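Inside the fold
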Amino acid sequence: MSHKPSVLFVCVHNAGRSQMAAAFLTTLSQGAIEVRSAGSQPAEKVNPAAVEAMAEVGIDMSAEIPKVLTTEAVQDSDVVITMGCGDECPYFPGKRYEDWVLEDPAGKGVDSVRPIRDEIRTRVESLIASLIPAQS
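Described below are features of the structure shown in this document. (Residues numbered from 1 in each chain as written. Predicted model: local features only at pLDDT ≥ 70, side-chain atom pairs only at ≥ 80, totals over all residues. Heavy atoms only, no water.)

To continue, consider the environment of Ala-106. When you line up the elements, Ala-106 lands in the loop between strand 4 (96–99) and helix 4 (110–131). Given the relative accessible area of 44%, Ala-106 is considered partly exposed. Considered as a pair, Ala-106 and Ala-50 are 56 residues apart in the sequence and their alpha carbons are 8.9 Å apart. (Helix = DSSP H or I, 4+ residues; strand = E, 2+ residues; numbered from the N terminus. Buried < 20%, exposed > 50% of the residue type's maximum accessible area, 1.4 Å probe, protein only.)

Turning our attention to the packing of aromatic side chains. For the structure shown, the criterion picks out one aromatic pair. Between Phe-9 and Trp-100, the aromatic rings sit 5.8 Å apart at their centres with planes inclined by 55°, giving tilted as the arrangement. You can see Phe-9 sitting in strand 1 (residues 6–11) and its partner Trp-100 sitting in the loop between strand 4 and helix 4, a full 91 residues away along the chain. Here the two residues Phe-9 and Trp-100 agree in accessibility, since each one is buried. (Phe/Tyr/Trp six-rings, centres within 6.5 Å; stacked < 30°, edge-to-face > 60°.)

Before going further, it helps to spend a moment on helix 2 (residues 48–55). For helix 2, every residue scored as buried is listed here: Ala-49, Ala-50, Val-51, Ala-53 and Met-54. Two or three places before Ala-49, at the start of helix 2, stands the capping residue Asn-47, its side-chain oxygen 2.8 Å from that residue's backbone nitrogen. (Polar contact = N/O pair within 3.5 Å; in protein donor to acceptor, adjacent residues only side chain to side chain.)

Within the structure shown, the criterion is met by 10 salt bridges. The partner of Arg-17 in a salt bridge is Asp-104, with the nearest N and O atoms 3.7 Å apart. With a gap of 87 residues between them, Arg-17 in helix 1 (residues 17–28) and Asp-104 in the loop between strand 4 and helix 4 connect regions that are remote in the sequence. Arg-17 sits in the buried class, given a relative accessible area of 7%. For Arg-114, the salt bridge is made with Glu-56, and the minimal N-O distance between the two is 2.7 Å. (Salt bridge = Lys/Arg side-chain N within 4 Å of Asp/Glu carboxyl O.)

The values reported here are purely geometric and, on their own, carry no functional implication.
As structure tokens, this is what we get:
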């Protein structure tokens, strides 16, 4: 049995970008990739505009809760994708790290969150293609 790849999305508050990315990866990979998200300073709740923007594309994030970044979450992941958390993410040799420069949706309305959501979806689709060989 082959190893199921795992991805950790990290941003400061784990309330917007990382939550949207995790929701897209969970949905689009159809369970083929293990998905985690966390924040270096988690917010109390997920950004309502991010929840609304994702609902528009049929993904329900309303039950998600921001989680604190742990060393274990990084160690247990094959790919670590940071989104503006700077140097607060622990580094382990042999892991694949990517830094996605994305606008922070904090404090923005849904109209401003949509383009961020769409950019995240594009990046997640490329990530899936890099982790799961194409089915013939």
